[in-house]
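Given next are the chains, with one letter for each unit.
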Protein chains: 2
Amino acid sequence: MLTIVVDMMGSDKGSKVLLEGVKMFLNDTNFQDAELILVGKKEELSVLSSERIKIENAEEVLPMEAGTFDALRAKNTSMYKAVNLVKENNYSAVVSAGSTGGFISLATIKMRMIEGIERAALVSPFPSRIGKQVVVLDIGANNENNAQQIYQFAIMGKIYAEEVLEVKKPSLYLLSNGAEEKKGSPEIKEAYQLIKNSSLEGFKGSIEGRDALKGDVDVLVTDGYSGNIFLKTNEGMASIMSDLIKEAFNRNILSKIGYLFSNKGFKEMKKKMNYKSFGGAMLLGINGVAVKAHGSSDAYSFYCALKVAYRMSKIDIVNKLKEGVNRS
Amino acid sequence: MLTIVVDMMGSDKGSKVLLEGVKMFLNDTNFQDAELILVGKKEELSVLSSERIKIENAEEVLPMEAGTFDALRAKNTSMYKAVNLVKENNYSAVVSAGSTGGFISLATIKMRMIEGIERAALVSPFPSRIGKQVVVLDIGANNENNAQQIYQFAIMGKIYAEEVLEVKKPSLYLLSNGAEEKKGSPEIKEAYQLIKNSSLEGFKGSIEGRDALKGDVDVLVTDGYSGNIFLKTNEGMASIMSDLIKEAFNRNILSKIGYLFSNKGFKEMKKKMNYKSFGGAMLLGINGVAVKAHGSSDAYSFYCALKVAYRMSKIDIVNKLKEGVNRS
């Protein structure tokens, strides 16, 4: 039996929406060997009853903008309690839709880093032009990274692609401001040399943001600051283009008729580029499974985040990372 | 009379396409007080004749991947000759569609920096959700920048928005990995304090890549490395979405009929988000007007780049920047 601890507070939309996601997970026949511990306000959570859930009361919510210090000090928050439960009982995984900064701090400090790894990385699969997923890391656990840390992200990203997405011989690229070896920030240029001269297989060089999601890349390696810019810029442009598509179809009666004829393709497109279906970002490099669901998660995406946590636990990602880092 | 010197070589598409752009510019009644000096292979360029053009022969092309050293050493390239002509004769402006790195190096070293400015910045207007242009700088003249340099980019960006785009009281934001004051790379956090504590008006704080093009921002200030990631990531996602729209309409006979009904809105959308119509990126901070057209410029976008160079010269942007930097 796997035990996943779920922080039910701190999301933008409240525990009601998250409870719907939990229900979807409980009803999915693929995950019958998982039980959940829900942490949050008892009166809100007890509307759900199942043999496979336990409720742990917590009255406080960690604010979205909480820093490391706040997160560690506020011991009555649902997030603190959830992470602590996992740590003290060696449970399988923890999932939260609350403050990203707080969650990273708590998970990193409580669960501790895997020996030999300098910095944890937040990793998330991105949708690509051709439909396949691109693993991008770090997308924001760090404000800055040195070359050695970026090199370790490459190792972890490769393992994630192989073990979680089951990609055979994944191709690795560094995100940079040019495709040439000599391009990049000082850290990226140094990381290029570290990776190139290592035994890590599949490294294909640097790539620009405009080509990174076209389909050649399986793992996109970046420092946390640039990775976060990359993530959010993609989200922004995808959202602008989606809005403009809606506007174009809502223009007048003719365009609305046009939509009736062509909507199937546009619905497929929406599905393909839907970030929410990827569920959550995974914190790699710590001694445990920690999944950060989007703060604005709807029921479906929270259910996806729970699935990600389940899968990570099932394949024992932590030990795979330990082996990988020691090998290199 | 304004004199704009044009490097006619080094673009991806050859001088023929650029010549078409030159023709459009010459025929535009708005710019009859400008003459052009075209630098490139005489036999290719002499197909065009006009009282307002002169041809300066150059046989060599600077390769796209050329570094600073190559650019400065290769004195027979059209780019070297073009920049040198401007410098020695104090002409109004220089335009090139060739190697970005080479052009920045040549322009910066030959024309020299404006006194008091530490680093030149490449600036380009971006299309936004609501149609208005967002000035983004630096989009790639630099691989890294310190806080003081980023602060100076804010000053230059504000002047550009006011003087070139004629925006009254432009709003300034720093591109960052969060909207809060404490977020950002170390350099961005420091730049935040410098700008906040300066007399620069219109500073509204930090903004994430996902919100930067929604319409609130007039000037988006960033270090050159992150700015380049931002630029290319936007281009990449816009191009992926455009491809997917085409696919959705080409799906079958029904969707093609749908396109007939709704194409007007989609054509408008394409126009709105067309980066090419913005013509070129301008190198701010040097003693002269230097416009870098896109390497893959078509005739129209090269014509736009010439227009940008004309406008910059006409309003005497260099002196406006000098005044602005000295005021702050």
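Above this text is the structure in question.
**Looking at the overall build of chain A**
Part 1 of the argument: Looking only at helices and strands, chain A features 11 helices and 11 strands.
Part 2 of the argument: For 328 residues, the compact-globule estimate of 2.2 N^0.38 gives 20 Å, and the C-alpha radius of gyration of chain A, at 20 Å, lies within 12% of that figure.
Part 3 of the argument: The dimensions of chain A, computed from C-alpha atoms along their principal axes, are 60 × 55 × 35 Å.
Part 4 of the argument: Counting only residues that meet the buried cut, chain A has 59% of its 328 residues in that class.
Part 5 of the argument: Within chain A, counting contacts between residues at least 6 apart in sequence, those at least 24 apart form 69% of the total.
Part 6 of the argument: Counting only carbon and sulfur atoms, one obtains 47% of the accessible surface of chain A, whose full area is about 13,500 Å².

**Topic: helix 4 (residues 78–89) of chain B**
Residue and element names in this part refer to chain B.
Part 1 of the argument: With 12 residues, helix 4 ought to run about 16 Å at 1.5 Å a step, and its terminal C-alpha atoms sit 16 Å apart, in line with that.
Part 2 of the argument: Regarding helix 4, the residues found buried are Ser78, Met79, Tyr80, Ala82, Val83, Asn84, Leu85 and Val86.
Part 3 of the argument: Following helix 4 by one or two positions, Asn90 adopts a phi angle in the positive range, close to 55°.

**Some points on a negative patch on the surface**
Part 1 of the argument: A contiguous patch of negative charge, built from Glu144, Glu187 and Glu190 of chain A together with Glu144, Glu187 and Glu190 of chain B, is present on the exposed surface.
Part 2 of the argument: For the negative patch, the secondary-structure elements that each account for two or more residues are helix 7 (186–196) of chain A together with helix 7 (186–196) of chain B.
Part 3 of the argument: Take Glu190 of chain B: it is sitting in helix 7.
Part 4 of the argument: In this structure Glu190 of chain B comes out as partly exposed when scored by relative accessible area, which is 49%.

**Quick look at the sheet that holds strand 9 (residues 219–221) of chain A**
Strands pair in a sheet through their backbones, by hydrogen bonds, and they do so in one of two ways: parallel or antiparallel.
All names here are of chain A.
Part 1 of the argument: Read from one edge of the open sheet, 11 strands run 3-2-1-4-11-10-5-6-9-7-8, paired in mixed fashion. Whereas interior strands pair on both sides, the edge strands pair on one side only; in this sheet they are strand 3 (53–57) and strand 8 (203–207). Put simply, the sheet's adjacent strands are angled 25° from each other on average, direction ignored.
Part 2 of the argument: Here strand 2 (residues 34–40) runs beside strand 3; their pairing, made up of five bridges, is parallel. Following the sheet pairing, Ile37 is matched in strand 3 by Lys54.
Part 3 of the argument: Across the sheet, helix 10 (residues 299–314) lies against strand 1 (2–7), strand 2, strand 4 (93–96), strand 10 (280–284) and strand 11 (289–293), angled at about 145° from strand 1, the strand it touches most.

**Details of the relation of the copies chain B and chain A**
Part 1 of the argument: Turning chain B through 180° and shifting it by 0.0 Å along the axis lays it on chain A, with an RMSD of 0.1 Å. Taken together, these values place the two copies in the relation of a two-fold axis. In terms of proximity to the rotation axis, the leading residue of chain B is Gly258 of chain B, whose C-alpha is 1.9 Å off the axis.
Part 2 of the argument: Of the residues that chain B buries at the interface, 100% are likewise interface residues in chain A, meaning the two copies contact each other through the same surface.

**Looking at the packing of helix 9 (residues 253–272) of chain A against helix 9 (residues 253–272) of chain B**
Part 1 of the argument: Contact geometry of helix 9 of chain A with helix 9 of chain B gives a least axis separation of 7 Å together with a crossing angle of 125°. Looking at the two axes, helix 9 of chain A sits oblique to helix 9 of chain B. Of the two possible hands of crossing, helix 9 of chain A and helix 9 of chain B adopt the one that is left-handed. Across the interface between the two elements, Leu254, Ser255, Ile257, Gly258, Phe261, Ser262 and Phe266 of chain A of helix 9 of chain A pack against Leu254, Ser255, Ile257, Gly258, Phe261, Ser262 and Phe266 of chain B of helix 9 of chain B.
Part 2 of the argument: Considering only residue class, the contact of helix 9 of chain A with helix 9 of chain B consists of eight nonpolar, six polar and no charged.

**Quick word on the sheet that holds strand 10 (residues 280–284) of chain B**
Residues and elements named next belong to chain B.
Part 1 of the argument: One open sheet accounts for 11 strands, arranged 3-2-1-4-11-10-5-6-9-7-8; its pairing is mixed. The two strands at the open ends of the sheet, each matched to only one other strand, are strand 3 (53–57) and strand 8 (203–207). Taken over all neighbouring pairs, the strand axes of this sheet differ in orientation by 25° on average, direction set aside.
Part 2 of the argument: Summarising the sheet, strand 7 (residues 172–175) and strand 8 pair through three bridges and their orientation is parallel. Across the sheet, Leu174 pairs through a bridge with Ser206, a residue of strand 8.

**Digging into unusual backbone geometry**
Negative phi is the rule for most residues except glycine; trans is the rule for most peptide bonds.
All names here are of chain A.
Part 1 of the argument: At the junction of Leu137 and Asp138, the peptide bond is cis and its omega measures out at 0° in the coordinates.
Part 2 of the argument: The residue Asp138 is located in the loop between strand 6 (133–137) and helix 6 (147–163) in this model.
Part 3 of the argument: One non-glycine residue, Asn90, lies in positive phi territory at about 55°.
Part 4 of the argument: Tracing the chain through its elements places Asn90 in the loop between helix 4 (78–89) and strand 4.
Part 5 of the argument: Phi is positive for Asp316, close to 55°, though the residue is something other than glycine.
Part 6 of the argument: Among the secondary structure elements, Asp316 is positioned in the loop between helix 10 and helix 11 (317–327).

**Here we look at the pairing of strand 7 of chain B**
Residue and element names in this part refer to chain B.
Part 1 of the argument: By the alternation rule, side chains of strand 7 split into Leu172 and Leu174 and Tyr173 and Leu175, which are all buried.
Part 2 of the argument: Remark: the strand 7/helix 7/strand 8 crossover connection has right-handed handedness.
Part 3 of the argument: With three bridges joining them, strand 7 and strand 9 (residues 219–221) adopt parallel strand pairing. From the neighbouring strand, Leu172 faces strand 9, where its bridge partner is Val219.

**Points about the side chain of Ser124 of chain B**
Residues and elements named next belong to chain B.
Part 1 of the argument: As for its position among the elements, Ser124 is in strand 5 (residues 121–127).
Part 2 of the argument: Judged by its relative accessible area of 11%, Ser124 is buried.
Part 3 of the argument: If we skip the residues at most four places from it in the chain, Ser124 touches Val134, Val135, Val136, Ile139, Gly280 and Ala281.

**Some words on the environment of Phe153 of chain A**
Residues and elements named next belong to chain A.
Part 1 of the argument: When you line up the elements, Phe153 lands in helix 6.
Part 2 of the argument: Owing to a relative accessible area of 0%, Phe153 belongs among the buried residues under this scheme.
Part 3 of the argument: Note: C-alpha distance between Phe153 and Glu163 (10 residues apart in sequence) is 15 Å.
Part 4 of the argument: Ignoring anything within four residues of it in the chain, the contact list for Phe153 reads Arg119, Ala120, Ala121, Leu137, Asp138, Asn142, Asn145, Val221 and Thr222.

**A look at empty space enclosed by the protein**
Residues and elements named next belong to chain B.
Part 1 of the argument: All chains considered together, the criterion is met by one cavity of 30 Å³ or more.
Part 2 of the argument: Of the pockets and cavities examined, the largest cavity occupies roughly 30 Å³.
Part 3 of the argument: Lining the largest cavity are Asp7, Met9, Gly10, Val61, Leu62, Ser78, Met79, Gly98 and Ser99.
Part 4 of the argument: A per-class count over the lining of the largest cavity returns four nonpolar, four polar and one charged.

What counts as what
- Residues numbered from 1 in each chain as written.
- Chains lettered and ligands numbered in written order.
- Predicted model: local features only at pLDDT ≥ 70, side-chain atom pairs only at ≥ 80, totals over all residues.
- Heavy atoms only, no water.
- Helix = DSSP H or I, 4+ residues; strand = E, 2+ residues; numbered from the N terminus.
- Rg over C-alpha atoms; globule rule 2.2 N^0.38 Å.
- Buried < 20%, exposed > 50% of the residue type's maximum accessible area, 1.4 Å probe, protein only.
- Contact = heavy atoms within 4.5 Å.
- Areas by Shrake-Rupley, 256 points an atom, 1.4 Å probe, with all protein chains shown as cover.
- Expected span 1.5 Å × (residues − 1).
- Patch = residues over 30% accessible without salt bridge, like charges linked within 9 Å, V, L, I, M, F, W, Y side chains within 5 Å.
- Salt bridge = Lys/Arg side-chain N within 4 Å of Asp/Glu carboxyl O.
- Lys, Arg positive; Asp, Glu negative; His and termini not counted.
- Charge placed at Lys NZ, Arg CZ, Asp CG, Glu CD.
- Pairing = 2+ DSSP bridges.
- Axes fitted to C-alpha atoms, helices over the stretch in contact; angles between N-to-C directions.
- Least-squares fit on C-alpha atoms with pLDDT ≥ 70 in both.
- Parallel < 35°, antiparallel > 145°, perpendicular 65-115°, else oblique.
- Left-handed = near helix turned anticlockwise from the far one by under 90°.
- Nonpolar A, V, L, I, M, F, W, Y, C, P; charged D, E, K, R; others polar.
- Right-handed = clockwise from strand over helix to strand, strands pointing away.
- 1 Å grid on protein atoms, 1.4 Å probe; cavity = no way out; pocket = protein on both sides within 12 Å on 5 of 7 lines; lining within 4 Å.
- Points joined across faces, edges and corners; volume = space filled by probe spheres on them.

Take it as geometry only, folks, not as evidence of what the structure does.
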